[in-house]
Structure formats: C-alpha cells, structure tokens
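Structure assessment
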Amino acid sequence: MWYKLGKIKSGSTATQIIGQDTNWEFAGITPGDIFLIDDYSPLEIVSVEDNTHLTLAEEVGVTSWQSYKIIQVYSATMQSRVAADLAELLSRVRKAFNEATN
C-alpha cells in the first residue's frame, strides 16, 4: 500500500525529513518502511519521531516542499507485528520511567 499524504523537505540534518500534513505516527509508519522521493533510490526509514518528523538511513537534500511515497512493509504474521509493537511500547515505558526517576 502507498502512503503519500502531505509534503516533505529535509530537516536540520540530511537524514532528517520534515513533513507537512503527513500524520506518519498515527498512520502506523514504522522503521523499516520504504521511503521514495523522485531522483533517489528507495530509502529505509530508521525512525519515526512523530507525525511530522522521521529519519532516513541515507542522506537526501530536499530544500523545497515536494511529494513523496512510503511503502509500508508488513511482517509475515500479525503475531510478529503485535510483538514488535509491544516491544516498542515497553521500550518507551522504560525510557519514561528512567527519565522520571533520574
């Protein structure tokens, strides 16, 4: 399935992408999904910080707002996807707990 809501440009570093009206986190865009921009080979998404910020595995130089596409990579089974989501949730809880106790 293609995801292509909103526009993008490069962020403060060449691997960071800023979105406008993108809603990535809510849409379930995850690390490992494939990011496509004209004139670039497919790029791996390393992290999704929030609905309008993500990080790619390689540098890009997109200085003006432009279109993009994301191919969401789904694992072979629903169980593996749930396990990965649970691991991510536990990691966030652990990080929040550590920050709160320090």
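Structural data are supplied above this passage.
Residues numbered from 1 in each chain as written. Predicted model: local features only at pLDDT ≥ 70, side-chain atom pairs only at ≥ 80, totals over all residues. Heavy atoms only, no water.

Taken as a whole and assessed by the stated rule, the structure comprises two aromatic pairs. Here W24 and Y68 contribute two aromatic rings whose centre-to-centre distance is 5.9 Å and whose plane-to-plane angle is 85°, an arrangement assigned as edge-to-face. Residue W24 is found in helix 1 (residues 24–27), and its partner Y68 is found in the loop between strand 6 (53–56) and strand 7 (69–71); the two are separated by 44 residues along the sequence. The same class applies to W24 as to Y68, namely buried. Plain terms: the ring middles of F35 and Y68 are 5.5 Å apart, the flat faces sit at 10° to each other, and that makes the pair stacked. Of this pair, F35 sits in strand 4 (residues 34–36) while Y68 sits in the loop between strand 6 and strand 7; the two residues are 33 residues apart in sequence, bridging distant segments of the chain. For F35, a relative accessible area of 0% corresponds to the buried category. (Phe/Tyr/Trp six-rings, centres within 6.5 Å; stacked < 30°, edge-to-face > 60°. Helix = DSSP H or I, 4+ residues; strand = E, 2+ residues; numbered from the N terminus. Buried < 20%, exposed > 50% of the residue type's maximum accessible area, 1.4 Å probe, protein only.)

Counting residues in hydrophobic clusters, the biggest one holds 16 residues, and the most contacted among them are W24, F35, L54 and I70. Elements with a minimum of two residues in this core: strand 5 (43–50) and strand 6. It is strand 5 that contributes the most residues to this core, three residues altogether. With residues up to four places along the chain from it excluded, the contact list for I70 reads M1, W2, Y3, W24, I29, D33, I34, F35, I45 and L54. (Core = buried A, V, L, I, M, F, W, Y, C linked by side-chain atoms within 4.5 Å. Contact = heavy atoms within 4.5 Å.)

On the secondary structure map, S10 appears in strand 2 (residues 7–10). From its side chain, S10 meets the backbone oxygen of V60 in a polar contact 3.3 Å long. When near neighbours in sequence (up to four residues on either side) are disregarded, S10 contacts Q16, I17, I18, V60, G61 and V62. (Polar contact = N/O pair within 3.5 Å; in protein donor to acceptor, adjacent residues only side chain to side chain.)

Right, let's talk about the environment of K9 for a bit. Topologically, K9 is positioned in strand 2. With relative accessibility at 25%, the residue K9 sits in the partly exposed group. Once residues within four sequence positions are removed from consideration, K9 is found in contact with Q16, I17, I18, V62, T63, S64 and W65.

This paragraph deals with the pattern of salt bridges. Following the criterion strictly, the structure yields two salt bridges and no others. A salt bridge links R92 to E25; the shortest N-O distance between them is 3.5 Å. Pair noted here: R92 is in helix 2 (residues 78–101) and E25 is in helix 1, with a separation of 67 residues, a long-range link. Given the relative accessible area of 45%, R92 is considered partly exposed. One salt bridge in this structure joins R92 and E88, with 2.9 Å as the shortest N-O distance. Of the two residues, R92 and E88 both sit in helix 2, four residues apart, roughly one turn of that helix. A single salt-bridge network, built from bridges that share partners, covers E25, E88 and R92. (Salt bridge = Lys/Arg side-chain N within 4 Å of Asp/Glu carboxyl O.)

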